[in-house]
Amino acid sequence: MLIWALACAVAAVVLGIAVGEGPTAVDTWIAARLGGPSALWDTLSLTTHPVATLSVIAATVVLARRRLSVALMAAAGPAIAVALNTWALKPAFGRVHGDHLAYPSGHTTALAAILAVLVIAAGPRWIAVALPLIAVAGTAIVGMGYHYATDILGGALWASAVVTFLWGTLARRPRERDATENAAA
């Protein structure tokens, strides 16, 4: 888990440095293919809005009430990922889209962090749900002109890094405590 977290964090930072402050050729090419804002893109982007993301977090916490570590991840993972993204990464990279800092996408970070918690809690089979949801929501955000495509990738990488790091840290704690208790017995 911790190796994956490190790999995703490094990839997010390297991508952020590589893309610079404006759109890349890939970003421009993808945006041109999406055709600009539409009712479809607007509807599909709703999955990244705060009300939707907070609802999914609350539902995950309720469903995980017997698994404290999952409930903690559902509540803290997305919040920590988004907070670090907003207050550290975006200002550090300084990439602007319109009038706002864009890299990594905060909306994508929130959605991907929530879905990473779901995959950890419910099992790897949920990757088949999580990845398409991130792709559809990310495409919609780019189509609406809110972000560049590389912002979406950066947000997904960053969310995966934070959530898997936190989960790896939480998951080790009970084993360490069990080992300590068994040694004392």
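If you're wondering where the values come from, they're calculated on a predicted model, not measured in any experiment.

Enquirer: For this particular structure, what's the right way to read the environment of Leu15?
Expert: Inspection of the secondary structure puts Leu15 in helix H1 (residues 2-19). With 89 residues separating them in the primary sequence, Leu15 and Pro104 have C-alpha atoms 9.5 Å apart. Once residues lying within four places of it in the same chain are set aside, the contact partners of Leu15 are Tyr103, Thr150, Leu153 and Gly154.

Enquirer: I'm lost on the pattern of salt bridges in this one. Help?
Expert: Note on pairing: side chains with opposite charge can pair once their charged atoms come close. With the rule as written, the count across this model stands at two salt bridges. Arg95 serves as the salt-bridge partner of Asp27, at 2.6 Å between the closest nitrogen and oxygen. Residue Asp27 is found in helix H2 (residues 25-34), and its partner Arg95 is found in the loop between helix H5 (68-93) and strand S1 (96-97); the two are separated by 68 residues along the sequence. Taking the shortest distance from any N to any O, the salt bridge between Asp151 and Arg95 comes out at 2.7 Å. Highlighted residues: Asp151 in helix H8 (residues 149-184) and Arg95 in the loop between H5 and S1, separated in sequence by 56 residues. In this pair, the class of Asp151 matches that of Arg95, namely buried.

Enquirer: What should I look at first to understand the layout of surface pockets in this one?
Expert: Rolling a probe over the atoms, with the probe sized like a water molecule, indicates the empty space that remains. For the largest pocket, the calculated volume is near 600 Å³. Considering the residues around the largest pocket, the lining is formed by 28 residues, among which Ala112, Leu131, Ile134, Ala156 and Ser160 are closest to the centre. The class makeup of the residues in the lining of the largest pocket is 23 nonpolar, five polar and no charged.

Enquirer: Got a minute to help me understand the nonpolar core in this structure?
Expert: Across soluble globular proteins, you tend to see nonpolar side chains buried next to one another. Judged by nonpolar contacts, the single largest core of 31 residues is most densely connected at Met73, Tyr103, Trp158 and Val163. For this core, the elements supplying multiple residues, two or more each, are H1, H5, helix H6 (106-122), helix H7 (127-143) and H8. When sequence neighbours within four positions are dropped, the list of residues in contact with Trp158 reads Ala9, Ala12, Ala81, Leu84, Asn85, Leu89 and Thr109. Counting eight residues, the second-largest nonpolar core is a separate cluster that includes Leu34, Trp41, Ile141 and Val142.

Enquirer: What's the story with unusual backbone geometry in this structure? I'm lost.
Expert: What you tend to see is this: most non-glycine residues have negative phi, and most peptide bonds are trans. With omega at -15 degrees, the peptide bond leading from Tyr103 into Pro104 counts as cis. Inspection of the secondary structure puts Pro104 in the loop between strand S2 (100-101) and H6.

Enquirer: For this particular structure, what's the right way to read a nonpolar patch on the surface?
Expert: Taken together, the side chains of Met1, Leu2 and Phe165 make up a nonpolar region of the molecular surface, amounting to roughly 280 Å² of accessible area. Along the chain, Phe165 falls in helix H8. Since its relative accessible area comes to 45%, Phe165 is described here as partly exposed.

Conventions used here
Residues numbered from 1 in each chain as written. Predicted model: local features only at pLDDT ≥ 70, side-chain atom pairs only at ≥ 80, totals over all residues. Heavy atoms only, no water. Helix = DSSP H or I, 4+ residues; strand = E, 2+ residues; numbered from the N terminus. Contact = heavy atoms within 4.5 Å. Salt bridge = Lys/Arg side-chain N within 4 Å of Asp/Glu carboxyl O. Buried < 20%, exposed > 50% of the residue type's maximum accessible area, 1.4 Å probe, protein only. 1 Å grid on protein atoms, 1.4 Å probe; cavity = no way out; pocket = protein on both sides within 12 Å on 5 of 7 lines; lining within 4 Å. Points joined across faces, edges and corners; volume = space filled by probe spheres on them. Nonpolar A, V, L, I, M, F, W, Y, C, P; charged D, E, K, R; others polar. Core = buried A, V, L, I, M, F, W, Y, C linked by side-chain atoms within 4.5 Å. Patch = residues over 30% accessible without salt bridge, like charges linked within 9 Å, V, L, I, M, F, W, Y side chains within 5 Å. Areas by Shrake-Rupley, 256 points an atom, 1.4 Å probe, with all protein chains shown as cover.

Bear in mind that shape data such as this cannot, by itself, settle questions of function.
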